[in-house]
Every structure is written in C-alpha cells, then in structure tokens.
Amino acid sequence: MPPATHKPTGLTPASFAPPCSAAEAAALEWQDFPPTPDGTLDTTGMTGLRLRCADCGQVATAPEPDGTCMCEDCGGEHFLVQRLVQRREVPLPQGASIRITRGTQRFVHIDLPEGAEGLTARYTLDGSPPNHNSPEYKRPFRLLKGTGQIRVRFYGPDTVSPELCYTPEHKATCALCGAKGTARGASFTCPECGGKSILESSGAWVPDPSANPLFSCTDCGVSFPLTPGAEEAKCPQCGATYHRDRGRWKPGPKDSRTYCPICRSSVRLGSHGGTCPLCGAVFSYSGGRWICQGVPRNCDLCHGRIYLSSTTDTCRHCGARYSYNRVSGWKMQGAQVTCVRCGKPFSASQTGVRCPHCGTPHLYSKGTWGLATAPRRTRPSQPPTKKEENELGCSYLLFVFFTIWVLLKTCS
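Now for a description of the structure that goes with this document. Counting starts from 1 at the beginning of each chain's written sequence and moves along it residue by residue. Predicted model: local features are reported for residues with pLDDT of at least 70 only, side-chain atom pairs are reported and counted for 80 or more only, and whole-chain, interface and lining totals are derived from all residues. Only hydrogens and water are set aside when side-chain values are computed; all heavy atoms of the structure are taken into account.

**Describing the pattern of salt bridges**
- Counted as salt bridges are all cases of a side-chain nitrogen of Lys or Arg within 4 Å of a carboxyl oxygen of Asp or Glu. Within this structure, the stated rule accounts for six salt bridges.
- Note that Arg 153 and Glu 163 form a salt bridge whose closest N and O atoms lie 3.7 Å from each other. Of this pair, Arg 153 sits in strand β11 (residues 150-155) while Glu 163 sits in the loop between β12 (159-160) and β13 (164-166), and the two are ten residues apart along the sequence.
- Of the charged contacts, one joins Arg 184 and Glu 169 as a salt bridge, the two residues approaching to 3.4 Å between their closest N and O atoms. Highlighted residues: Arg 184 in strand β15 (residues 180-184) and Glu 169 in strand β14 (residues 169-173), separated in sequence by 15 residues.
- Relative accessibility decides the category of a residue: with a 1.4 Å probe and only protein chains considered, values under 20% of the type maximum give buried, values over 50% give exposed, and everything between is partly exposed. Given a relative accessible area of 52%, Arg 184 falls into the exposed group.
- Residues participating in the shared-partner salt-bridge network are Arg 151, Arg 153 and Glu 163. Secondary structure elements are taken from DSSP: a helix is a run of H or I of four residues or more, a strand is a run of E of two residues or more, and numbering for both begins at the N terminus.

**A short note on the packing of aromatic side chains**
- Between 30 and 60 degrees the pair is tilted, below 30 it is stacked and above 60 it is edge-to-face, where a pair is any two Phe, Tyr or Trp rings, Trp via its six-membered ring, whose centres lie within 6.5 Å. By the definition in use, this model includes six aromatic pairs.
- Measuring from centroid to centroid gives 6.3 Å for Tyr 137 and Phe 141, while their planes differ by 65 degrees, and the two rings are edge-to-face. Like Phe 141, Tyr 137 is buried.
- Ring pairing ties together the aromatic residues Tyr 123, Tyr 137 and Phe 141, which thus form one cluster.
- Throughout this description, the term charge over a ring refers to an Arg CZ or Lys NZ atom that lies within 6 Å of the ring centre and within 35 degrees of the ring normal. The positively charged end of Arg 50 is found above the aromatic ring belonging to Trp 30, 4.0 Å away from the centroid.

**Some thoughts on the sheet that holds strand β34 (residues 352-354)**
- Strand pairing requires that DSSP identify at least two bridges connecting the strands. Spatially, three strands are ordered β34-β35-β36 in an open sheet, and the strand pairing comes out antiparallel. Pairing within the sheet leaves two strands with one partner each, and these edge strands are β34 and β36 (368-371). Ignoring which end each strand starts from, the neighbouring axes of this sheet average 30 degrees apart.
- Inspection of the sheet shows β34 paired to strand β35 (residues 361-365) by three bridges, in the antiparallel sense. Note on method: axes are straight lines fitted to C-alpha atoms, helices fitted across the in-contact stretch only, with angles between N-to-C directions ranging 0 to 180 degrees.

Here's what the structure looks like:
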C-alpha cells in the first residue's frame, strides 16, 4: 500500500529534521503518518519531520509564514510526511529463540513466547545487524548453504530489543587438502592441514585469501593457496607438485619412483629429476608428472646428437637404427639406405658405402644420403731428367749470347 499524502499545517522551522539526523542506526527510523479524512495533517509541536513533494519528490526545507508548506520547485502543497523516531530499547522477550529443524532440508524457526503479541521479528543472514528495513519473519524458511550467522531483532510499536544471534553448523570440506569436517558459521579451519576456508553463497568452500598465501604454478600459471606449515604442494589445475627446500618452493616431489618406458625398470628420482641406471634415460618433471626425455648419446654413424626414446629407435640425422637389450645394452644396426641408381634398399654401417647390388658409391653428407662423386686425379710432380736439364742449360746460354750481341750493336 503506498504511503498517504498530506497537506501539513502548524509547521515551524523547528519542525524540520536537520540533514544529519538520518543516521542508519537500528533504533532510528522514518515512520509514515496514516491517512486523514480531509487530507490535512496538524504538525503543531512535532519535530524531526521530513516533507517530500508528492508531485516532483523535492524535499522541503522551510515552512510558509502561515504554517503550511509549498514545494519550491513545482509549487505543490501535498507531501509525503515522515517522522524520525527513536525506539526505546527493551530486553529480549523471555523464551525467544532461533532453532533449525533437520530433515531432507533445514528450516529456520524464530520462536516467540506466548503473550508477545504485537512484536515483529526482523532478521539478516549475512552477519549484518538487522534494522527496521530488514526482512520480516512470517513463517519458517529454508536455511541457505552460504548462511554464516542469523541475527534477529524484535520490534514493537515504539520499542526494539537487543540482537539475538545464532551461528548454524555446516558440513565443511577443506579447500586445500579436501579433509572433511564440521564448521560453525562460514569459516572453517582444517584440523589436518591448518588451512582456512570460507563458505560462499553457492555453498562451495574456497580458500580464505586473507589467511592462506598464494603461489603461482610455473607450469600453467594458476595461483593457488599454500597450506600453512606444509612442505609439499600440488597445483589444482595441472597437478604439478612442489616441495619446500631451505625455505623456497621448488618444482617436483622430494623423492619418488617411476617406471622407465625404455627398459621397464623402476627408477628412483630426486626433486629435479634423474637418470635411469640401466639404459641412461633422462627424466624431468613437468605438468604434474615425470616425463622421459630419452637417452642422450652421439650417433655411432654420423656422430650427431640424438635422444633415443624407445627400445627400437632411429637417428633423426642419418637414419641409423638402434636397439636396446638388457644384456648387451644399446647396439647400432646400420642405416637403411635406398640406392639412387637401382632403387634397392641396403644397410649402411659407414658414412661412405657402395650399393651391394649395383656397386654405386653412396656418401652421407649434411643429413642426406647421396651419390658419391670420385675426385679428379692430378698428375704428381716429378724431378726433371738429365736430358731436360741439358736442354734448359743450352737455352740459357743462347739467351746470354743474344743479350750481349744486342748491347754491342747498340753501342756501335
């Protein structure tokens, strides 16, 4: 029902409530006046009034000389009149209580003793203090999952009671380690790991950021809280495991075992990985699990750096085949080459080899097998013979005599 409008009379400057009087206290509230037969309201001697124009909503601040009021904006004379009152605080009614009934669902009951007619119970579920604007209790209601505390005040015509509080219990699950327990209210301290969780309105328990430090996962980048006093942690997103070493968090568990995919043996690994003692496979920790990087070695055929990741693997450079046996270890079986002349396959155990079918020479160079070209032959240098030495001496003497003859001819 909308509030009634009035044409006030008998107003004085003292009738208006000062602007600072609208404090949000539990015992202060604005009360509406009931409607009158002729629509006028005699406010003689009243204080703490607030007049809001019924036409434009402007709040009046001063009366007219004849004791009436007129809106300064639209000139209206009818107002929504409210009075600021302070309720008298009385003790809690004897026998008032809050209880929770259990069944398929939990319901909240606010009980009043007999003979407490005229009292109205107003409540809050978020832990804030109730006031005259809080919801009114009329019938039992279902307890929400995220309710941390129920607070109730009882209101009479001009009285108000102190608060009556009740903290319900909830089944809690630690958001850090998953331990089960019972929480009183919206906060839960895990008895196993000591981490603190808070209850959301959806009913989910999440880590309390004010009590648990956050750690950023180096694999997926997700930030998650660390358990106070814990020596190991696990990322909830990707499952990466971390451990504390001399006050610092480092990736990988402290000590664990895994199975080598190459030799099928159990390998004991440290915090930063390890090497299989049988086949030499190297392990690293990433994404919450141990990953086999393969067996590092230099290829026996092309001498390139390779990583063998299974019992039968090939060199990615020259194609040399390797096989692993627990007794003999790693053994090279040669590279599978296709002849460029006859097109028949054969096995090569050296970088330079001839096709056993057609005899074509093949050579491995820069990652490929190709046709080997024979180098050009050059005649080796030999010392001059006796005849060649005599001919060279005669030529030299003829050159000397010819030079002397030219000089004599020139002088004469």
